[in-house]
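# Summary of structural features
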Amino acid sequence: MAINTVGRNGGGVLARWGGRLASALWPGNCLACGADGQGGRDLCPLCEAAIPWHPSACLRCALPLAAEKANATNPHDTGSATCASCGAEPPPLVEVRAACTYGAPLDRLAPRFKFHGDLAAGRVLSALMVQAFAALPRPDAIVPVPLHRSRLRQRGYDQALELARPLASALGVPLLDGALLRAIATSPQSRLDAADRRYNVEDAFDVRPRVDLPAHVVLVDDVMTTGATLHSAAQCLYRAGAVRVDAWVAARVP
């Protein structure tokens, strides 16, 4: 299976203007509450205003920091601030960035996208990630956290890839969508506690043979809860030659 890459050229001008025109003529309904939508994001004005942008957070785990460490001017710029837990036992991810906190209306969009085939909701989440991460330094490549092939057959799409593809295109970062494999068909993480989540995904990933990873890789996923899946994937990438692994997620569970 070939590794697909998205280079540094975005979509065409005609495609962008066509999308804007369609949004203006047919705004549709809000994907979160069903009210009349507005052009550009498929959200109504109230849900748009209620987007829970993630506050200043620990650079290593993305959990919110105490108020005295917060950067009020730019909630996505946390500098080098870390929480006490990550300071005492640094996780494998050098940086974790979350576009939003997992709350309304994200708590309606994310499950519809992940479990009910609502790819339009995924496009909203990816657009929020582009907005949140546009000012960050660019990595060498973006790697979506993959599904196991059996779950991919059941679901029909890989939610992390659906987020990563437009994100990579918008930010001009190469996308490696075949480099990381889920080698083990693990149980769904949502049914497990923190300790079982870590055990469930231990050694669950592998890097495709003959893949040369770049030095700085960013993992992309939809929601981060305990970080067990991302940590396991990061450790696999390190074993395969990556020097630095970060993670960008649509939402962080506080």
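### Examining the side chain of arginine 60
- Position of arginine 60 relative to the elements: it lies in the loop between helix H2 (45-49) and helix H3 (84-88).
- Nearest to the buried, unbridged arginine 60 among oppositely charged side chains is aspartate 246, at 7.4 Å.
- Of the polar contacts made by the side chain of arginine 60, one reaches the backbone oxygen of leucine 93; its length is 2.8 Å.
- Looking at arginine 60, its side chain comes within polar contact range of the main-chain oxygen of valine 94, at 3.1 Å.

### Topic: the confidence of the model for the chain
- When the pLDDT values of the chain are averaged, the result is 84; 77% of them are 70 or greater.
- Predicted confidence for residues 70-78 stays below pLDDT 50, and this span has 19 contacts to residues more than four positions away or in other chains.

### Concerning the pattern of salt bridges
- One pass over the full model with this rule turns up 6 salt bridges.
- The salt bridge involving arginine 97 is made with glutamate 95; its shortest N-O contact spans 3.1 Å.
- Relative accessible area serves as the criterion here: at 17%, glutamate 95 is assigned to the buried category.
- Ionic pairing is found between aspartate 118 and arginine 112, a salt bridge with its closest N-O pair at 2.5 Å.
- Accessibility expressed as a relative area gives 13% for aspartate 118, which makes it buried.
- Where salt bridges share partners, they join Glu95, Arg97, Arg244 and Asp246 into one cluster.

### Some words on the packing of aromatic side chains
- Counted according to the given criterion, the structure contains 2 aromatic pairs.
- Summarising the aromatic geometry, the rings of phenylalanine 133 and tryptophan 248 are spaced 5.2 Å apart at their centres and angled 35° between planes, so their arrangement reads as tilted. Taken together, the residues span a long stretch of sequence, with phenylalanine 133 in helix H5 (residues 119-133) and tryptophan 248 in strand S6 (residues 244-252) at a distance of 115 residues.
- On the accessibility criterion, phenylalanine 133 (1% relative accessible area) is buried.
- What makes tryptophan 248 buried here is its relative accessible area of 3%.

### Topic: the state of the cysteines
- Evaluation of the coordinates by the stated rule reveals 0 disulfides.
- Cysteine cysteine 33 shares no disulfide, and the gap to the nearest cysteine sulfur, in cysteine 44, comes to 3.6 Å.

### Some details on the pairing of S6
- The buried count for S6 comes to 8 of 9 residues, which makes it a mostly enclosed element.
- Note that strand S1 (residues 96-101) and S6 share 5 bridges and pair parallel. Paired with valine 96 across the bridge in S6 is alanine 247.
- Note that strand S5 (residues 216-224) and S6 share 8 bridges and pair parallel. Bridged to valine 217 within S6 is valine 245.
- Note on the crossover from S5 through helix H9 (residues 228-239) to S6: the handedness is right-handed.

Cut-offs used in this document
Residues numbered from 1 in each chain as written. Predicted model: local features only at pLDDT ≥ 70, side-chain atom pairs only at ≥ 80, totals over all residues. Heavy atoms only, no water. Helix = DSSP H or I, 4+ residues; strand = E, 2+ residues; numbered from the N terminus. Buried < 20%, exposed > 50% of the residue type's maximum accessible area, 1.4 Å probe, protein only. Lys, Arg positive; Asp, Glu negative; His and termini not counted. Salt bridge = Lys/Arg side-chain N within 4 Å of Asp/Glu carboxyl O. Polar contact = N/O pair within 3.5 Å; in protein donor to acceptor, adjacent residues only side chain to side chain. pLDDT = per-residue confidence, 0-100. Contact = heavy atoms within 4.5 Å. Phe/Tyr/Trp six-rings, centres within 6.5 Å; stacked < 30°, edge-to-face > 60°. Disulfide = S-S within 2.5 Å. Pairing = 2+ DSSP bridges. Right-handed = clockwise from strand over helix to strand, strands pointing away.

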